[in-house]
Every structure is written in C-alpha cells, then in structure tokens.
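Now for the letters of each chain:
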Amino acid sequence: MAQENDVIGLHFLELWRFNSKAAAAAATATTSTSSSSKEDAEFEEEPTELDTFNSSGMFSVVLSDKLSVQYPTVNLHGHDVGVVQANKPAPLKRLVYYFEIFVKNAGAKGQIAIGFTASGFKMRRQPGWEANSYGYHGDDGLLYRGHGKGETFGPTYTTGDTVGCGINYSAQEFFFTKNGKVVGTVAKDVKGPLFPTVAVHSQNEEVTVNFGKDPFVFDLKAFEAEERRKQQMTIDKISISQNASYEIIRSYLQYYGYEETLKQFDMASRSTVPPIALGQENGSSDTEITYAMNHRKTLRQLIRSGEIDDAFDKLRMWYPQIVQDNKSAMCFLLHCQKFIELVRIGKLEEAVVFGRTEFEKFYRLTEVDDLVKDCAALLAYEQPLKSSVGYLLEDSQREIVADAVNSMILSTNPNIADARVCLHSCLERLLRQLTACFLEKRSLNGDQGEAFYLGRLL
Amino acid sequence: MSCCFLDLFAVQLLLECLIKGSSKKIITKEEWEKKLNDVKIRKEDMNKLVMNFLVTEGYVDAAEKFRKESGTEPDIDLATITDRMAVKKAVQCGNVEDAIEKVNDLNPEILDTNPQLFFHLQQQRLIELIRNGKVAEALEFAQEELAPRGEENDILQQSFLEELERTVSLLAFEDVNNCPVAELLDISQRLKTASEVNAAILTSQSHEKDPKLPSLLKMLIWAQNQLDEKAAYPRINDISTATLEDPGV
C-alpha cells in the first residue's frame, strides 16, 4: 500500500519539479548556450553558399560571390565534370527543403546538372551518375539516379531558365522545377546528409545558385501549403465514432471530479437532437470512475481556495490511509501547500513556525531537498510573487496538490488493482500517445520532417 | 519470471517480422510506457481543450460550471453561446422564420454575406411548410421568396435553382415519405441546416467552427497508422477507454 501511494505522490512531485526554480534555471541555461531548449533544437544550419574547398578543382571556378560557378576550359572527357556542392547539407527538420539555379550561360553544350549528392561524392562526376546521388540534367532533360543511364523525366533547360530542386520530407521524395513549375518527382531512397549540388561540363557554362537569399521563382510557400492541405485531408477523412468526444470529455470530468460540470453536461447531452447515447457500452468503468466523486469535488474546492487545514481534516476523516504516513509524498505536498498559503496571506511568522516543525522531517530526504528550498525561499522576498519562486503562489501549484489528492482517493477504490491507472485521465493518455507517435515516427525517420508540438494545436 | 515471459514475447514478434520480411522496429510495452512518461501534458492545456469543446458545442451551463470548478477561462463570451444555441434549436425544431430573425438580431452581416446559408435557411422554411401540409403557402413562398434568387446567371444561383426544383417536387408526391426526395423531410436535413448556421455564427465571432478534440482524435488515429509502417508498438485501439494494446505485427 505504501508503495502504491508513493507511485502517485512521486508522480505529482515530479510535476511540481517540472515548474520549479531549478527547472526554470535549467531551461534558461540551455537557451543561452543554444543547445536543447525547444526552439533552438529546431534550429539547423542550412546551405548558404558553395563549397570552395571541396569542388572539382580546375574544372570549375566558383566566383567570389560563392554563388556562381563557371566552367573555365574545354572539356576533354567525361571525367572532367565541374561539380560543386553547397557548404552545408540540406536541413532535415522541416516539411520541404528547396534551392534554385539560374542558367546564366549554357555554354558550348549545356551539360548543366542540378541535384543532391551524399557527402562522399566524387567531385569529377555528374550528380546522378554515382550511387547516392540524384541529378536533373539540362542537355537531355533526363533524371539520373545512381548510374550513367538516365530516365525520361522533364524538359531540357538552357540559358535563361531557372531550375530548382527540393526534398519533400513528408512524401520522402525529390522534386524538380523549371521556371517555377514542378516537372517531376522521384522517390528518395537514400539516408544521411544530402548536399545541394550543381555541375557544369562544357566551355563557358555558368550558373548562379540561390539558396533562398533571394526570392525563389517557384512558389515554395504555396507548395508547402498544398502539402499540408493534402495531409489534413487524409486526416479529415478518418472517421471516428460520433460519441467518442463526448465520452472522453465526460470521463475527463469524472476523473478530475468536476461534478457540477458533469451534471450540466449530462443534462444538456440528454436533450440534444439527436440524443447522445452515453456510457451504455461501458457502464462498469463508469461506476469505477464516479468513485468518491463528491468527496473529490469537495477536496478540490478546499485546496483550490487555499483551505489546506480543512482539506486535511476531511482527508483524515474520509481517507485516513492517505494521510497516515506523515512522511509520504502526499503529506509533503499538503504541508508545503499549507506553508505557501500562510505566505500568501502574509502570516510570515506563522509560516516560519510551521515550516520549522514540518519541514524538518522532510529536509533529510534528499529527493525533496530542492522543493523544500523553493518553499523556504518564499520568505526571502518582500514580493514573493515576482520572485523566482513566485510560481508557488500561482493557481497551477494548488492544482497539482488538488490533482494529487484526487488521484490518491481514486486509488483507494478496492476495484483498482494498479495505482498507476489513477495517474492520468483518458484524455491525457490519448494526448500522450499522439505526441509519442509523432516523436517516434520522426526519430525512426532520421529526424526528418517538421517537429510536432502539441501546444501549437491546442 | 515475468521478465523471461516478456523476452519470449519479443522473440516471437521478431520471428514474425523476419518471416514476413519486414524491417519493423519492435517497441515493447515497457519501452513505450517510458516514452509516454517523457511526454508532459499540461493540465491547463487539457482544461482549455475541454472548455473549447463545451463552448463550441454550445454547452453553456456546463461551460459556466467548468469555469468555476477548473478556473479555466472560456475563449468566447458565454452569453453569445445562449443566443447561438437558441438559433440552432429553432432550426432543429423547424422554426426557421424565428431562427432567421434571431440570426439577424445577433449580426445582420451573417446572412448578408453568406447567400448559400441564407438560401439553405429559406429552403428549410419551404420544407417545413410542405411538411405541415401548407401547400398554397409553400407555393407562394417558393415563387415569391425563393425563385427570384435563382434567375441570375451564375453557378451558385444555378445550384440554388436546382435545389429549389428538387424541394418543390415534394409537392408532386402523394406519399412524400417514399418519394425520391424524401430525405429532405428527414430530421438530418434540419440538423444539417442547423449546424451550418451554428458554424456561420461561430465564424462571425472569429471562433473556429469545429471543436479541437475530434480533429485531435483523428490525428491520433492517423499518427498511429503512420507509425505502423515503421514499428510494432502498443497502440490505442479503443479511443474511449484509451487502453494500450500489446504490440502486434
């Protein structure tokens, strides 16, 4: 029993810690060193210019703007290709990556190519001729992937044309454009970093690359919007039971003991046209979750209005087992809240006395050391709400305590075998599953594609 | 003992994978639960999601109680819900004239800027007249109020005219319940019109016309299907209980 209680109590201490001063400090620290705070994690370097070091030497000349490349001599054979990669591989964590070239001069033969190549690419070969490379060639309009024989693909291109190449991470394909229009797509079956690559192969050929510093000829925004729309359409087509949402809302209200809301919700759903048939299939789980609803509601109200002594009294009366162990995480949460409430109403001396007697027994437990310190720090400030521990005075802290008591009472239900089922509402379990699926899919995909933030959808 | 059992289970999955020639990653329930525990959902966000549902679906009393019980502020003035629901209810009960009046009281621009909605309401009014056997009144209304709208020469007006003809043809059948256009008299037609008005009012209040929860549920199903291609992991098949299944292949 004591262990079960701890599962719940420790879970809510963890939630507290998530808001704590230390967590906030850690978050700011990572932001300033730009390592793993949420937004910085999505920052990726992207190609900005051509790589002047790793290019094919005498067969291409990258001009001083590092965005133009020329073929300087007369080519003698097929191995004299002038290939230049971008200085950085294409970034992964987005829906689409795209770049364009403008053919300034198609030169003697117009043997210009645009595409993507892997990092170990041989710098004397056209993109597409070697394994792990893809290229759309100007002289024949063919697409080359992995060998010297091309496939029918799109139109040829020459002086004055703008040609683009992109990776669509959600469809896992490359696409090529000519003068703003998509000419074709090809499946992307290569892993690892890919470099935007251009090649020139006959005298006087010259192309300029645009990595996005100037506006693209191709409407990338519209393309992305269309991709998103297509995805949204597949999602919209999925059918879910009409009652699913009602059931989930209802069980949420039951789970947290929002009894009054539930009453109104049930009353209104009964009179809707057409009426909603609720809780008929799973009547048994219904009674389980309405367990002690009224007690849970009362205790939530008391804690939310800061009346911790009253909450304690009620708990002692109704569920003595919950507050029996004075050193449990649950008691710790309640005592801390009592202290916080004393500070809130300015009874600082009383808070000091209370803290001295109550915190002493917890202070030796290293796992709550940081939280005790946060509480005690409230005393140091004239305006504690504006301090770094001000979060303790916010409603969210009361909410944590109220939710902990709620879960604890739910776990006293003799029909519940595993206390862990009392930790989350059905809605929370669904949202966690949703997030985990997106995260896992992306990580199995080599972190390609857009990041998923539930918060943005809510 | 239980640990050994788990391993056997994983081996079995792996074998199935090999036989089927797939290269799916296998994620055991234990591993998956760890991943789930790393996901932190804020209570505040869930409360907002619930409030959004109550408000959008028009549960005004429940929304009021939820505001008190959870401390969540609604994203719309609750008073406007009562008005919106009154309109919706009027259409659902067949009092279309009343509904139109109420919409105009709320915001006359809603119908002015939305000819399709206005037509559908008028059409519903015609349907109700026919339902109540008021043949003469129905004909007069169709010809004087509805028909002129169909004479202009654009695609929208053309479709209105076709709909009007379809509706009026209800008058041509003795047994309307078994005629080709009987669906117009069905309760679902009222509900369709009612939800169209509801959506238009929400849009006019710069509020999304659909609650967020159902689309999140769809997204969950989609995300699970997507992940299925890459991995065998514990799915949630029954959304209303949210129980994790054992990973299958």
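Only a predicted model underlies this, so the values are computations on that prediction, with no experimental measurement involved.

**What about the confidence of the model for chain A?**
All names here are of chain A.
Piece 1. Looking at chain A as a whole, the pLDDT averages 85, with 88% of positions reaching at least 70.
Piece 2. Contacts for the low-pLDDT stretch residues 31-40, under 50 throughout, to residues beyond four places or in other chains number 10 contacts.
Piece 3. Predicted confidence for residues 279-284 stays below pLDDT 50, and this span has 6 contacts to residues more than four positions away or in other chains.

**Things to note about the interface of chain B and chain A**
Piece 1. At the junction of the two partners, chain B supplies 56 residues and chain A supplies 60 residues.
Piece 2. Note on chain B versus chain A: buried area summed over both sides is about 5400 Å², and carbon and sulfur give 72% of it.
Piece 3. Summed over the three residues of chain B that lose the most area to chain A, namely B:Tyr59, B:Glu69 and B:Trp222, the buried surface amounts to 14% of that side.
Piece 4. At the boundary of chain B with chain A, the tally comes to 5 salt bridges.
Piece 5. Between chain B and chain A we count 23 residue pairs in polar contact (both at pLDDT 80 or more) in total.
Piece 6. Secondary structure elements with two or more residues in the side of chain B that touches chain A: helix 2 (29-38), helix 3 (43-56), helix 4 (60-70), helix 5 (78-92) and helix 12 (212-228) of chain B.
Piece 7. Of the residues forming the side of chain B that touches chain A, the biggest block, 14 residues, is contributed by helix 12 of chain B.
Piece 8. Classifying every residue of the side of chain B that touches chain A by side-chain character gives 31 nonpolar, 9 polar and 16 charged.

**As for the pairing of strand 10 (residues 162-168) of chain A**
All names here are of chain A.
Piece 1. Along strand 10, 7 of the 7 residues are buried, which leaves the element largely enclosed by surrounding structure.
Piece 2. Every second residue of strand 10 is oriented toward a common face, with Thr162, Gly164, Gly166 and Asn168 on one face and Val163, Cys165 and Ile167 on the other, all of them buried.
Piece 3. The sheet contact formed by strand 10 and strand 11 (residues 173-178) spans 6 bridges and is antiparallel. Looking at the pairing, Asn168 lines up with Glu173 of strand 11.
Piece 4. Taking the residues between adjacent antiparallel strands as the criterion, strand 10 and strand 11 are bridged by 4 residues, where Gln172 takes a positive phi near 55°.

**Points about the environment of A:Leu67**
Residues and elements named next belong to chain A.
Piece 1. Locating Leu67 in the fold gives a position in the loop between strand 2 (61-62) and strand 3 (68-70).
Piece 2. As for Leu67 and Val209, which are separated by 142 residues in sequence, their C-alpha atoms are 5.1 Å apart.
Piece 3. Those residues in contact with Leu67 that lie beyond four places of it in its chain are Thr48, Glu49, Leu50, Val207, Thr208, Val209, Phe211 and Lys213.

**Details of the pairing of strand 7 (residues 133-137) of chain A**
All names here are of chain A.
Piece 1. For strand 7, the tally of buried residues reaches 5 of 5 residues, placing the bulk of the element in the interior.
Piece 2. Burial of strand 7 is two-sided: the residues Ser133, Gly135 and His137 facing one way and the residues Tyr134 and Tyr136 facing the other way are all buried.
Piece 3. Direction of pairing for strand 6 (residues 113-118) relative to strand 7: antiparallel, over a ladder of 5 bridges. Each bridged residue has a counterpart across the sheet, and for Gly115 the counterpart in strand 7 is Gly135.

**Considerations on the side chain of A:Glu206**
Piece 1. Of note, A:Glu206 is situated in strand 14 (residues 206-210).
Piece 2. Among residues more than four places away in sequence, those in contact with A:Glu206 are A:Leu63, A:Ser68, A:Val69, A:Gln70, A:Phe102, A:Val103, A:Lys104 and A:Asn105.

**What to know about the confidence of the model for chain B**
In low-pLDDT regions, the fine details of the predicted coordinates are not to be read closely.
Piece 1. With 88% of its residues at a pLDDT of at least 70, chain B reaches an overall mean of 86.
Piece 2. Taken as a whole, residues 1-5 of chain B scores under 50 in pLDDT and shows 0 contacts with residues more than four places along the chain or in a different chain.

**Some words on helix 9 (residues 308-318) of chain A**
Residue and element names in this part refer to chain A.
Piece 1. Within the span of helix 9, buried status applies to Ile308, Ala311, Phe312 and Leu315. Buried residues along helix 9 cover an arc of 100° about the axis, so they all sit on one side.
Piece 2. At its buried positions, helix 9 is contacted by helix 8 (293-304), helix 10 (320-323), helix 11 (329-344) and helix 14 (395-411).

**A look at the pattern of salt bridges**
Piece 1. Summed over the entire model, instances satisfying the criterion amount to 43 salt bridges over all chains.
Piece 2. Between A:Lys297 and A:Glu260 there is a salt bridge; the shortest N-O distance is 2.8 Å. In this pair, A:Lys297 is assigned in helix 8 and A:Glu260 in helix 6 (residues 259-270), connecting sequence segments 37 residues apart.
Piece 3. Judged by its relative accessible area of 23%, A:Glu260 is partly exposed.
Piece 4. Among the salt bridges present, the one from B:Lys29 reaches B:Asp246, with a minimum N-O distance of 3.8 Å. Of this pair, B:Lys29 sits in helix 2 while B:Asp246 sits in the segment after strand 2 (231-232), placing them 217 residues apart in sequence.
Piece 5. One connected set of salt bridges, linked through shared partners, spans A:Arg300, A:Arg304, A:Glu399, A:Asp403 and B:Lys43.

**Some words on the sheet that holds strand 12 (residues 181-187) of chain A**
Residues and elements named next belong to chain A.
Piece 1. Spatial strand order, 2-3-14-5-10-11-12: 7 strands in an open sheet with antiparallel pairing. Of all strands in the sheet, those with a lone pairing partner are strand 2 and strand 12, marking the two edges.
Piece 2. In this sheet, strand 12 lies alongside strand 11 in antiparallel orientation, the contact comprising 6 bridges. What sits directly across from Thr177, in strand 12, is Val182.

**What to know about the packing of aromatic side chains**
Piece 1. Tallied over the full model, the rule gives 30 aromatic pairs over all chains.
Piece 2. Seen from their ring centres, A:Tyr258 and B:Phe66 are 5.3 Å apart, and the 90° between their planes marks the pair as edge-to-face. Linking A:Tyr258 in the loop between helix 5 (244-256) and helix 6 with B:Phe66 in helix 4, this pair reaches from one chain into another. By the burial criterion, A:Tyr258 is buried, and B:Phe66 matches it.
Piece 3. Pairwise contacts between aromatic rings join A:Tyr97, A:Phe99, A:Phe116, A:Tyr134, A:Phe174 and A:Phe211 into one cluster.

**Some words on the packing of helix 8 of chain A against helix 9 of chain A**
All names here are of chain A.
Piece 1. Orientation of helix 8 relative to helix 9, taken along the N-to-C sense of each, is 155°, at an axis distance of 8 Å. With respect to helix 9, the axis of helix 8 lies roughly antiparallel. When you trace helix 8 past helix 9, the crossing you get is left-handed. Along its contact with helix 8, which presents His295, Thr298, Leu299, Leu302 and Ile303, the element helix 9 presents Ile308, Asp310, Ala311, Lys314, Leu315 and Trp318.

**Structural notes on unusual backbone geometry**
All names here are of chain A.
Piece 1. Phi at Asn132 takes a positive value of approximately 60°, unusual for a residue other than glycine.
Piece 2. Inspection of the secondary structure assignment puts Asn132 in the loop between strand 6 and strand 7.
Piece 3. With a relative accessible area of 42%, Asn132 lands in the partly exposed category.
Piece 4. Positive phi, normally seen in glycine, also occurs at Gln172, with a value near 55°.

Parameters at a glance
- Residues numbered from 1 in each chain as written.
- Chains lettered and ligands numbered in written order.
- Predicted model: local features only at pLDDT ≥ 70, side-chain atom pairs only at ≥ 80, totals over all residues.
- Heavy atoms only, no water.
- pLDDT = per-residue confidence, 0-100.
- Contact = heavy atoms within 4.5 Å.
- Buried area = accessible area lost by both parts, 1.4 Å probe.
- Salt bridge = Lys/Arg side-chain N within 4 Å of Asp/Glu carboxyl O.
- Polar contact = N/O pair within 3.5 Å; in protein donor to acceptor, adjacent residues only side chain to side chain.
- Helix = DSSP H or I, 4+ residues; strand = E, 2+ residues; numbered from the N terminus.
- Nonpolar A, V, L, I, M, F, W, Y, C, P; charged D, E, K, R; others polar.
- Buried < 20%, exposed > 50% of the residue type's maximum accessible area, 1.4 Å probe, protein only.
- Pairing = 2+ DSSP bridges.
- Arc of directions from axis to C-beta.
- Phe/Tyr/Trp six-rings, centres within 6.5 Å; stacked < 30°, edge-to-face > 60°.
- Axes fitted to C-alpha atoms, helices over the stretch in contact; angles between N-to-C directions.
- Parallel < 35°, antiparallel > 145°, perpendicular 65-115°, else oblique.
- Left-handed = near helix turned anticlockwise from the far one by under 90°.

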